[in-house]
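# Geometric and topological summary
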Amino acid sequence: MVEKNEELIVKIDAYGSEGEGIGRIDGYALFVKDAVIGDTVKVKVMKAKKNYAFARLMEIITPSKDRIEPPCTLARKCGGCQIQHIDYEKQLEFKHNKVKNCLEHIGGFKVVEQGTVETDVDAVDNVVVMEPVLGMEDAFYYRNKAQFPVGTDKDGKVITGFYAARTHNIIETTSCAIQAKENDEILQIVRDFLTEYKISTYDEESHKGLVRHILTRVGYKTKEIMVCLILNGKKLPHQEELIARLIKVPHMTSITINVNTKKTNVILGEECITLWGQSYITDYIKDVKFQISPLSFYQVNPVQTERLYSQALEYADLTGDEVVWDLYCGIGTISLFLAKSAKHVYGVEIVPQAIEDAKINATINDIDNATFLVGAAEEVVEDLYKKKEARADVVMVDPPRKGCAQSLLDTIVSMGPKKVVYVSCDPATLARDLKYLREKGYVTKTARAVDMFPNSMHVETVAVLCRAEGSSSK
């Protein structure tokens, strides 16, 4: 066992679930942030446990062939890009294997790679075929939404940037290698305005100061731009001057403020006030149009969102006669795609504003075979099923990181859809839920990782389950 503050030299031979490198000394594991498989590094032990320790990277003695120089000079300090120092193809390999390992070790599945199957997988109910991970051609400047905290440095200068990992200390920058390039100009305009008019910035400790965050959204296809200032108050002094400067930015469409006067880490409050232009921007995913407000949930990577939804639709394999339930539907992004190929779609979401957005999006796309319901998915679906008002040929779920409630999985099984398409942002809870559904008569056929967040350790997955022959709703 090693001791705290001990300095060691170790060869990195694996990755942890958070993208950290793992080295071993006599079987004792050292978890090292910013290390790459193949690196030989000098580390300092920061916290030692019985079987493992967390260590800080002090020096790269021999770099891995998979290590690259991050395009962003702040990558190691900032909490947003945990693996920007790893070659992108190796990032994709890491994410594919992360999903595979969860399916095997948590779900108890035998995972085989697409194209390597030699047996009839339909005859084996615990075999999952994994298709190749869907990555990006360009892994930078892909995010259409950004939230920049605003503060002051020790000299009183207005700063914007991102929080350092696991802190609320702002790493100052007006540029980010994964955000839309338009943000650079917008941030400089706002910073100059706040400085010139001596407008206060928010301090979390004292709960004083006005400007908390700057939120931006950029339409990938429309190029429309939204700027929203989150305030600890309802009025921005000299706002007309800021508007005059911001509207000179090409494609500026919406300038708003969001009121958040609570002492909280939650960024957005409930009230938005439009200062100029529209209260929303519009954008498209394929041919479906969406209105996006400051409060709307909308996938931040439009290129990969289109690929993710296309994969989900392919797995659903709709013919036009199906009744589909889309659970955790958000503003109806997947629901509206499904509706174009289904008999009827029912979307369920717990956030009332999201359901209002979904209804608006259905209207502006002339889609009349989609019904949206407010409430917790596990409660709404169970209640309607007991009243014999809910039946499904296909169920689509896209739950939060904690996965599906067991009561919801039980109701889905009772409804007896022929297919369940599961979109997941956490492979561990995905594997747990797929295992449970397998025990209830559903066979997971295929899964695919989708890289929605290049240069971070996060990964999305799409999986399709079919009701086993002889299994029926209960």
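To keep things clear, this report deals only with the structure shown in the data block. Just so it is clear, the model here is predicted, and its values are computed rather than measured.

The subject of this paragraph is the overall build of the chain. What the chain contains, in helices and strands, is nine helices and 23 strands. Taking 474 residues into account, the globule formula puts the C-alpha radius of gyration at 23 Å, and the chain, at 24 Å, falls close to it. Expressed as lengths along the three principal axes of its C-alpha atoms, the size of the chain is roughly 70 × 65 × 35 Å. A buried classification covers 55% of the 474 residues belonging to the chain. Counting only contacts in the chain whose residues sit at least 6 apart along the sequence, the fraction spanning at least 24 positions is 63%. Here the chain has roughly 21700 Å² of accessible surface; of this, 49% comes from carbon and sulfur atoms.

Leaving glycine out, the prevailing phi sign among residues is negative, and the prevailing peptide bond configuration is trans. The residue Tyr 141 is not glycine, and still its phi comes out positive at about 55 degrees. Note on placement: Tyr 141 falls in the loop between strand S7 (127–134) and strand S8 (145–152). The residue His 251 is not glycine, and still its phi comes out positive at about 75 degrees. Tracing the backbone shows His 251 in the loop between helix H3 (239–246) and strand S13 (252–259).

In this fold, Gly 135 is placed in the loop between S7 and S8. On a C-alpha basis, the gap between Gly 135 and Phe 453 in space is 9.5 Å, while along the polypeptide they are 318 residues apart.

Quick look at the nonpolar core now. Within the largest apolar cluster, 123 residues are counted, with the highest numbers of intra-cluster contacts made by Leu 103, Leu 229, Trp 325 and Leu 327. Per element, the largest residue contribution to this core is seven residues, and it comes from strand S12 (residues 225–231). What Leu 103 contacts, discounting residues up to four positions off in sequence, is Gly 108, Phe 109, Val 111, Val 128, Met 130, Ala 431, Leu 434 and Ala 447. Counting residues in hydrophobic clusters, the runner-up holds 14 residues, among them Ile 12, Tyr 28, Val 41 and Leu 57.

Relative to the 21 Å expected for 15 residues at 1.5 Å per residue, helix H4 (residues 302–316) spans 21 Å between its end C-alpha atoms, a close match to the ideal helical length. Along H4, the positions that sit buried rather than exposed are Pro 302, Gln 304, Thr 305, Leu 308, Tyr 309, Gln 311, Ala 312, Tyr 315 and Ala 316. Downstream of H4 by a residue or two, Asp 317 has a phi angle that is positive, lying close to 50 degrees.

The nine strands are arranged S6-S7-S22-S23-S21-S20-S17-S18-S19 in an open sheet whose pairing can be described as mixed. With one partner strand each, in any of the chains shown, strand S6 (110–113) and strand S19 (370–374) form the two edges of the open sheet. Each adjacent strand pair in this sheet contributes to an overall mean axis angle of 20 degrees, direction not counted. In the sheet, strand S18 (residues 344–349) pairs with S19 via five bridges, with the strands oriented parallel. Residue pairing in the sheet places Val 348 in a bridge with Leu 373 of S19. The strands touched by helix H1 (residues 88–105) are S6, S7, strand S22 (442–450) and strand S23 (460–467); relative to S7, the strand with the most contacts, the crossing angle is about 165 degrees. Contacts between helix H9 (residues 427–439) and the sheet are confined to strand S21 (419–424), S22 and S23, with S21 contributing the most and set at about 165 degrees to the helix.

Time to look at helix H2 (residues 183–196). Taking 1.5 Å per residue as the helical rise, H2 with its 14 residues ought to reach 20 Å, and the 20 Å between its terminal C-alpha atoms agrees with that figure. Burial in H2 covers these residues: Asn 183, Ile 186, Leu 187, Ile 189, Val 190, Arg 191, Phe 193 and Leu 194. Lys 198 sits one or two residues past H2 and shows a positive phi near 50 degrees.

On to empty space enclosed by the protein. The gaps of empty space that remain are located by a probe, the size of a water molecule, rolled over the atoms. Summed over the entire model, instances satisfying the criterion amount to one cavity of 30 Å³ or more. Looking at the largest cavity, the residues that line it are Asn 144, Arg 217, Val 218, Gly 219, Ile 281, Asp 283, Ile 292 and Tyr 298. Elements that contribute at least two residues to the lining of the largest cavity include exactly strand S11 (211–218) and strand S15 (281–285). In the lining of the largest cavity, the residues fall into four nonpolar, two polar and two charged.

With four of five residues buried, strand S3 (residues 28–32) is to be regarded as a mostly interior element. Summarising the sheet, strand S2 (residues 21–25) and S3 pair through five bridges and their orientation is antiparallel. Its bridge partner being in S3, Ile 22 is matched across the sheet by Phe 31. From the end of S2 to the start of S3, which pair antiparallel, there are two residues, and Asp 26 there has a positive phi angle of about 55 degrees.

Thresholds, definitions, all that
- Residues numbered from 1 in each chain as written.
- Predicted model: local features only at pLDDT ≥ 70, side-chain atom pairs only at ≥ 80, totals over all residues.
- Heavy atoms only, no water.
- Helix = DSSP H or I, 4+ residues; strand = E, 2+ residues; numbered from the N terminus.
- Rg over C-alpha atoms; globule rule 2.2 N^0.38 Å.
- Buried < 20%, exposed > 50% of the residue type's maximum accessible area, 1.4 Å probe, protein only.
- Contact = heavy atoms within 4.5 Å.
- Areas by Shrake-Rupley, 256 points an atom, 1.4 Å probe, with all protein chains shown as cover.
- Core = buried A, V, L, I, M, F, W, Y, C linked by side-chain atoms within 4.5 Å.
- Expected span 1.5 Å × (residues − 1).
- Pairing = 2+ DSSP bridges.
- Axes fitted to C-alpha atoms, helices over the stretch in contact; angles between N-to-C directions.
- 1 Å grid on protein atoms, 1.4 Å probe; cavity = no way out; pocket = protein on both sides within 12 Å on 5 of 7 lines; lining within 4 Å.
- Points joined across faces, edges and corners; volume = space filled by probe spheres on them.
- Nonpolar A, V, L, I, M, F, W, Y, C, P; charged D, E, K, R; others polar.

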